[in-house]
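If you want the building blocks of each chain, they are given just below.
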Amino acid sequence: MYGLVNKAIQDMVCDRFGEETWEEIKKKAQLDVDVFISMDGYPDDVTHRLVKAASEILAISSSEILQAFGEYWVLYTAKEGYGEMMDMAGENLPEFLQNLDSLHARLGLTFPQLQPPSFDCTEIEDDSLNLHYQSTREGLAPMVIGLVKGLGARFNTEVDIKQTSSREQGSDRDEFSIDYKENE
Ligand code: HEM
């Protein structure tokens, strides 16, 4: 994945646990990288190793780390120069979720090697929808839960998200049921 992702993991760890903990995590992940370059591509394995090492050092499950990272990503991208793109993708949670593929398609212009996820919304009601998530990668469904929660915070909207179908358990894709209510 692009370095931007690994850099965001680094930022999150340093913000919350300090530089020393980050150095420990990097060492445990056996990564000999000084700085991640946002626009350079790194093997997915680098990201997975970072998540695993962070999980071991911080004694938090990988799934919780990915979830926290998803929430962090929404704030991180908005402040790292992608705020306008986020603004263009929608003015409320359901609109934004329906525009995720066009957001990543636009990002493909900036990141030519992007292997974006794909999302599809069905059964859209005033207060709920089903979100389908497809990816060339495995194991990132917890990140999606965090991302949707982060978007809830962005739109001042209460969100209740449950995974209703999971590739890890043999389904052909990951599916989530989302209840939402925008705060007055
Ligand atoms: C402007 C904001 C955003 C930027 C700049 C951005 C950019 C990226 C980049 C660079 C990657 C790595 C993919 C690769 O290197 O091949 C990625 C992956 C991903 N993005 Fe976004 N993204 C943004 C917003 C979002 C939002 C709001 C969601 C919410 C669902 C999302 C969901 C994902 C997921 C789940 C992945 C993991 C890749 C996979 O599933 O295969 N992104 N994005």
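Each remark here, short or long, concerns the structure printed above.
Described in the following lines is the structure provided in the data block. Quick caveat, the model's predicted, so the values are computed rather than measured.

**Focus: the site of the ligand**
The environment of the ligand is formed by 23 residues, the closest being Tyr2, His104, Tyr133, Ser135 and Arg137. Here an oxygen atom of the ligand and a backbone polar atom of Gln115 are 2.9 Å apart. Of the pockets mapped on this structure, the ligand occupies the largest pocket. Broken down by secondary-structure element, the contributors of at least two residues to the shell around the ligand are helix H4 (62–88), helix H6 (100–110) and helix H7 (141–154). The residue makeup of the shell around the ligand, split by class, is 18 nonpolar, four polar and one charged.

**Remarks on the packing of helix H1 (residues 3–17) against helix H3 (residues 44–58)**
Think of two packed helices as two axes; the pair is described by the angle between the axes and how far apart they sit. Close contact between H1 and H3 brings their axes to 10 Å; oriented N to C, the two are set at 15°. Between H1 and H3, the crossing angle belongs to the class labelled roughly parallel. Here H1 runs over H3; the crossing is left-handed. Of the residues in H3, those in contact with Val5, Asn6, Ile9 and Phe17 of H1 are Val46, Thr47, Leu50, Val51 and Leu58. Here the contact of H1 with H3 is built from residues that sort into seven nonpolar, two polar and no charged.

**Re the coordination of the iron atom of the ligand**
If you check the protein contacts of the iron atom of the ligand, you find one donor only, His104 (NE2), at 2.1 Å. Mapping His104 onto the fold places it in helix H6.

**With respect to the sheet that holds strand E3 (residues 157–165)**
Where strands meet in a sheet, backbone hydrogen bonds hold them as pairs that are either parallel or antiparallel. A sheet is described by the order of its strands in space; here four strands give the open sequence E1-E2-E4-E3, paired in antiparallel fashion. Across the chains shown, the open sheet's two edge strands, defined by having one partner strand only, are strand E1 (118–122) and E3. Taking the axes of each pair of neighbouring strands and ignoring which way they run, one obtains an average angle of 25° across the sheet. In this sheet, strand E4 (residues 174–182) lies alongside E3 in antiparallel orientation, the contact comprising eight bridges. Residue Ile161 lies in a different strand from E4, and its bridge partner there is Ile178. Sheet strands touched by H7: E1, strand E2 (128–134), E3 and E4. Its angle to E3, the strand with the most contacts, is close to 160°.

**Focus: a negative patch on the surface**
Residues Glu123, Glu125, Asp126, Asp127 and Asp179 make up a contiguous surface patch of negative charge. Structurally, Asp126 can be placed in the loop between E1 and E2.

**Considerations on the packing of H1 against helix H2 (residues 19–28)**
Where H1 contacts H2, the two axes come as close as 7 Å, and the packing angle between them is 135°. As summarised for this structure, H1 and H2 are arranged oblique, according to the angle between their axes. Here Ile9, Gln10, Val13, Cys14 and Phe17 of H1 come into contact with H2, specifically with Glu19, Thr21, Trp22 and Ile25. Taken together, the residues that form the contact of H1 with H2 break down as six nonpolar, two polar and one charged.

Rules of the game
- Residues numbered from 1 in each chain as written.
- Predicted model: local features only at pLDDT ≥ 70, side-chain atom pairs only at ≥ 80, totals over all residues.
- Heavy atoms only, no water.
- Near = heavy atom within 4 Å.
- Polar contact = N/O pair within 3.5 Å; in protein donor to acceptor, adjacent residues only side chain to side chain.
- 1 Å grid on protein atoms, 1.4 Å probe; cavity = no way out; pocket = protein on both sides within 12 Å on 5 of 7 lines; lining within 4 Å.
- Sits in = over half its atoms within 2 Å of the grid points.
- Helix = DSSP H or I, 4+ residues; strand = E, 2+ residues; numbered from the N terminus.
- Nonpolar A, V, L, I, M, F, W, Y, C, P; charged D, E, K, R; others polar.
- Axes fitted to C-alpha atoms, helices over the stretch in contact; angles between N-to-C directions.
- Parallel < 35°, antiparallel > 145°, perpendicular 65-115°, else oblique.
- Left-handed = near helix turned anticlockwise from the far one by under 90°.
- Contact = heavy atoms within 4.5 Å.
- Donors = N, O, S within 2.8 Å, 3.2 Å for Na, K, Ca; no water.
- Pairing = 2+ DSSP bridges.
- Patch = residues over 30% accessible without salt bridge, like charges linked within 9 Å, V, L, I, M, F, W, Y side chains within 5 Å.
- Areas by Shrake-Rupley, 256 points an atom, 1.4 Å probe, with all protein chains shown as cover.
- Salt bridge = Lys/Arg side-chain N within 4 Å of Asp/Glu carboxyl O.
- Lys, Arg positive; Asp, Glu negative; His and termini not counted.
- Charge placed at Lys NZ, Arg CZ, Asp CG, Glu CD.

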